[in-house]
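So the chains spell out like this:
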Amino acid sequence: MNILKFGGTSVGSASGIRTLISILKEREQDDYPVVVLSAMSGVTNLLLAMAEKAQVAEEYTAELKEIEEKHFEVVRTLLPAAAQNPVFTKLKIYFNELEDVLQSVYHLKELSPQTKDLILSFGERCSAFMISHVAKQDFPDAQCVDGAELIKTDSNFGQAKVDTSLTELLIQDFYEANRAKLLFVTGFIASNTEGRTTTLGRGGSDFTAAIWGSALHAKEIEIWTDVDGMLTADPRIVEKAFSLPELSYTEAMELSYFGAKVIYPPTMTPAFLKKIPIVIKNTFNKDFKGTYIRHGVNTSTFPIKGISSIDEISILNLSGSGMVGKTGFSGRLFSLLSREQINVVLITQSSSEHSITFAVKPADALSALAIISKEFELELQAKKLEYPEVENGLAVLAIVGENMKHTPGMSGKLFHALGRNGVNVRAIAQGSSEYNISVILSKTDLSKAVNAVHEAFFENLKKTLHVFCLGTGNIGKTLFRQLLVQSPLLAQNNDLEVKVMGVSNTREMYLSKTAMNLADWENELSKNAEPADLASFVKQMKAMNLPNCVFVDNTASGNPVNFYQEILESSISLVTCNKIGNSAEYEQYAAFKNAARTYGVDFHYETNVGAGLPIIRTLKDLMLSGDNIFSIEAILSGTISFIFNNFKNDVLFHEIVKEAQDKGYTEPDPRDDLNGKDFMRKMLILARDAGYPLEEADVQLESMLPPACLAAASVADFYQELENNAAYFEDLKNKAAAENKVLRYIGKLEEGKVTINLQMVDDTHPFYMLSGSDNIISFTTDRYKDRPLVIKGPGAGAEVTAAGVFADIINVGKK
Ligand SMILES: NC(=O)c1ccc[n+]([C@@H]2O[C@H](COP(=O)([O-])OP(=O)(O)OC[C@H]3O[C@@H](n4cnc5c(N)ncnc54)[C@H](O)[C@@H]3O)[C@@H](O)[C@H]2O)c1
Ligand SMILES: N[C@@H](CCO)C(=O)O
Ligand code: NA
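Residues numbered from 1 in each chain as written. Chains lettered and ligands numbered in written order. Predicted model: local features only at pLDDT ≥ 70, side-chain atom pairs only at ≥ 80, totals over all residues. Heavy atoms only, no water.

Caption draft 1: View of the site of ligand 2. Taken together, 13 residues lie around ligand 2, and G638, T639, Y665, E667 and K682 are the ones closest in. A distance of 2.7 Å separates an oxygen atom of ligand 2 from a polar backbone atom of G638. D673 places a side-chain nitrogen or oxygen 2.8 Å from a nitrogen atom of ligand 2. With the chains in place, 94% of the 250 Å² that ligand 2 exposes on its own is no longer accessible. Looking at the shell around ligand 2, its residues break down into three nonpolar, five polar and five charged. (Near = heavy atom within 4 Å. Polar contact = N/O pair within 3.5 Å; in protein donor to acceptor, adjacent residues only side chain to side chain. Areas by Shrake-Rupley, 256 points an atom, 1.4 Å probe, with all protein chains shown as cover. Nonpolar A, V, L, I, M, F, W, Y, C, P; charged D, E, K, R; others polar.)

Written out as structure tokens, the structure is:
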């Protein structure tokens, strides 16, 4: 025989009750279960609200009407007209009784715990009566049982203690006499020896189910609720939380201690003692297996079972020399708190014994402070103790699981996930059982922390990157297209999901709560856009506090650079193809690198030099592996490379420049390429990465343009000046051709000095053979001395650049 308990949401509507009946119909009809029922969802709260209003002589008829209507609606929906009347009549009798009680509270302005229990009991009485009558349609022998008469307690109203042996006898006798019937029992309520109604406290209906299960040696106790069993984490916080097939009692206790409100641990004790399995099932997904809680199971492949959390906690810290080596000090402290009924959620003590930190519910913090100040008055006055302080706005996250005990590295994994996401841990406690490691952190970090920890333990190699992108121009657009095409493969082959959570250009911006649909991002952006505001974009991104966050700068503007430091310091990784940040003052470049290191995030800028070509990465690997860079020689302007590779025959110089711009090789302003500035930036970044703290002024840049072109005030003027100076460029071209040479704009880093100049090279020079927008770079090092290490290929263009940004994004978090 099984006990089935249906919670408030399960019996909260006609459709839920219909499902309940269908669940019963699927059972063996010769072995009826005992059905324990909660009040309809919301009813207990309404009853409580009415009681409190009556106590201060306030009107409560609206609530009463609402409760009546909730029940009547079910009767009208689920019973044929002919069968409704007797049920209405009996329900009305209940509501009249309830109103009588409320009236006396109203007149006396007094609400004793005893009266409160009586008022609350109407929730279960009404629902059990009503549902048993609905069930009679299919089970003529259905019977409503007033559980209050069978569960005997002391007179501690509100949280009565059960007289187990008497109760078990009463239940056994009653069941023996009625086992042929389908019993519907009121949960939560009981009575004292004088027959007055008491209640069993929080989770009371589960407790009723466990008491009946224990008394009748049930095969299983099924707790029917509105979720798929116990989950790995709170599904409101973690989208990917999933249901746990099995748990041990201890694990279930630990998991529900914080958070998981599916069951309330103390209620399980009677079942635990008799080793009766508990199954958590979902009324609204009734065929789902749910979670089994029983003795001695350990079939999970995961090292932990779940993550639980409390989103609001306060801590108190007690410290001082007076505590060192004093036995009984913590005993005194905690028995004091327990005497005052202050529940201590978590305790840690430093090994120096110099301080004790403990966590309590915020509502208890001030009273804890007051009683401690009183109890330890002498020590405080003698300055043997510091005045304790309350710290609010904190939360607890705990990982739970029996396997943890045998698996090294669990706490390492936990703290790595937290640290990488910039979550500051305020205090730590590990239960000596090793079933639980708890950390205290800031409330604002909780969601991010739970998600990061969930990913670390349950999503194996699965990773979600939350990306915020600036710039929807050439590169930005191309990146979105590449991401869209590649996402299914990334998910399938690499367990990687890249979610674009926000986009901004100079005009508008949008931060999405879920993730943007990259097939339609332009529409989504324009439909939801607010005016662009970089500071607000960054602020909102930070406030979302998502794990594995990446900020991507695909602009050519100096403004975003002003936020880099703040972004990195918020533990958000940064990917940029914008060279302005790394090529401004050396001090700033160094500060970005330092911030990324300090806050444990990535700062990737591969596309700053040679677009998608692996130049930055290669230089870094050479340096890390202890090679010595003697010199770097390079052509790093894709635009200028393209120009000289195509400046042949009759075509004019300015026409080629225009073609380079149309092909997406140039900077948004092509003057930045032609005047050598873009090249200078790249050389500067390379030199810095090679270990030289150079500034822009240290670069010897020889211009390849006549002065009039350099002075052009606008892009249009610039093109005009190029055209006006056609003869100058023709002359260059012809001179080179006459000597069988080609024009090359070459940068060099040697002995800490950077030069960039225009050269004519013949076919013996390694840079002679280039085509398209090719870049080429040669590293002469200790190890690559006689024959340098050369990287060559297209070094400009939207596809190759966006691909480089893409690679930088998915490399975030990789060690
Ligand atoms: N084209 C290439 O081959 C190549 C190669 C490597 C690096 N890059 C770099 O890529 C970057 C982007 O180039 P592009 O061709 O896509 O430029 P673009 O002009 O086409 O696009 C720039 C985008 O940035 C946006 N933007 C500018 N300032 C902004 C701000 N303050 N806030 C929000 N958005 C802002 C603009 O609205 C626009 O959407 C540049 O830094 C460039 O140096 C380009
Ligand atoms: N405008 C740049 C793009 C690559 O950074 C170039 O021509 O090289
Ligand atoms: Na590169």
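Caption draft 2: A look at the side chain of T186. Relative to the elements of secondary structure, T186 occurs in strand β4 (residues 182-186). With a relative accessible area of 1%, T186 lands in the buried category. A distance of 2.8 Å separates a polar atom in the side chain of T186 from the backbone nitrogen of G147. Dropping the residues within four chain positions of it, T186 is found in contact with L37, E124, R125, A128, V145, D146, G147, A148 and T208. (Helix = DSSP H or I, 4+ residues; strand = E, 2+ residues; numbered from the N terminus. Buried < 20%, exposed > 50% of the residue type's maximum accessible area, 1.4 Å probe, protein only. Contact = heavy atoms within 4.5 Å.)

Caption draft 3: A look at the packing of helix α13 (residues 410-420) against helix α14 (residues 446-458). Contact geometry for α13 and α14: axes closest at 9 Å, N-to-C directions at 135 degrees. As summarised for this structure, α13 and α14 are arranged oblique, according to the angle between their axes. Here α13 runs over α14; the crossing is right-handed. On α14, the residues that touch M410, K413, L414, A417 and L418 of α13 are A449, A452, V453, A456 and F457. Along the lines of polarity and charge, the residues of the contact of α13 with α14 split into nine nonpolar, no polar and one charged. (Axes fitted to C-alpha atoms, helices over the stretch in contact; angles between N-to-C directions. Parallel < 35°, antiparallel > 145°, perpendicular 65-115°, else oblique. Left-handed = near helix turned anticlockwise from the far one by under 90°.)

Caption draft 4: Up close: the sheet that holds strand β16 (residues 436-442). Taking strand neighbours across the sheet as the criterion, the six strands line up as β12-β13-β11-β14-β16-β15 in an open arrangement whose pairing is antiparallel. Of all the strands in the sheet, the pair left with one neighbour each is β12 (344-349) and β15 (425-430). Each strand of the sheet is rotated relative to its neighbour by a mean of 30 degrees, with strand direction disregarded. In this structure, β15 lies alongside β16, joined through five bridges in antiparallel fashion. When the sheet's bridge partners are listed, V425 is paired in β16 with L441. Along the sheet face, helix α11 (residues 362-375) touches β11 (306-319), β13 (355-360) and β14 (389-400) and points at about 20 degrees away from the line of β11. (Pairing = 2+ DSSP bridges.)

Caption draft 5: Molecular detail of the site of ligand 1. Around ligand 1, the structure places 27 residues, and the nearest of them are T472, I475, T555, E667 and G797. One of the side-chain N or O atoms of T801 is found 3.2 Å from an oxygen atom in ligand 1. When ligand 1 sits alone it has 850 Å² of accessible area, and the protein chains cover 87% of it. Counted by class, the shell around ligand 1 contains eight nonpolar, 17 polar and two charged residues. The two domains that each donate at least three residues to the shell around ligand 1 are domain 3 (463-608) and domain 4 (615-795). (Domains from an automatic or database assignment.)

Caption draft 6: Molecular detail of the pairing of strand β9 (residues 278-282). Counting buried positions along β9 gives five out of five residues, so the element sits mostly inside the fold. Of the two faces of β9, the one holding I278, I280 and N282 and the one holding V279 and K281 are both buried throughout. Of the strand pairs in this sheet, strand β7 (residues 220-225) and β9 are connected by five bridges, and their pairing is parallel. Bridge assignment links E222 to a residue of β9, and that residue is V279. Pairing geometry for β9 and strand β10 (residues 291-294), over three bridges, is antiparallel. Bridge pairing in β10 places I280 opposite T291.

Caption draft 7: Expanded view of the environment of V498. As for its position among the elements, V498 is in strand β18 (residues 496-504). When its relative accessible area of 14% is taken as the criterion, V498 is described as buried. Expressed as a C-alpha distance, the spacing of V498 and L48, which sit 450 residues apart in the sequence, is 47 Å. Setting aside residues no more than four positions away along its own chain, V498 makes contact with L465, V467, L483, L490, I809 and I810.

Caption draft 8: Up close: the side chain of Q84. On the secondary structure map, Q84 appears in helix α4 (residues 81-108). Classification of Q84 as buried rests on a relative accessible area of 13%. Only 3.5 Å separates the side chain of Q84 from the backbone oxygen of R76, close enough to count as a polar contact. With near-sequence residues (within four places) excluded, Q84 lies in contact with V75, R76 and L79.

Caption draft 9: Expanded view of the confidence of the model for the protein. Across the protein, the average pLDDT comes to 92, with 97% of residues at 70 or higher. The ipTM value of the predicted complex is 0.96, and its pTM value is 0.71. (pLDDT = per-residue confidence, 0-100.)

Caption draft 10: Focus on the pairing of strand β19 (residues 508-511). Alignment of β18 against β19, held across three bridges, turns out to be antiparallel. Bridge pairing in β19 places G502 opposite L511. Connecting the antiparallel pair β18 and β19 is a turn made up of three residues. Pairing between β19 and strand β20 (residues 530-531): two bridges, direction antiparallel.

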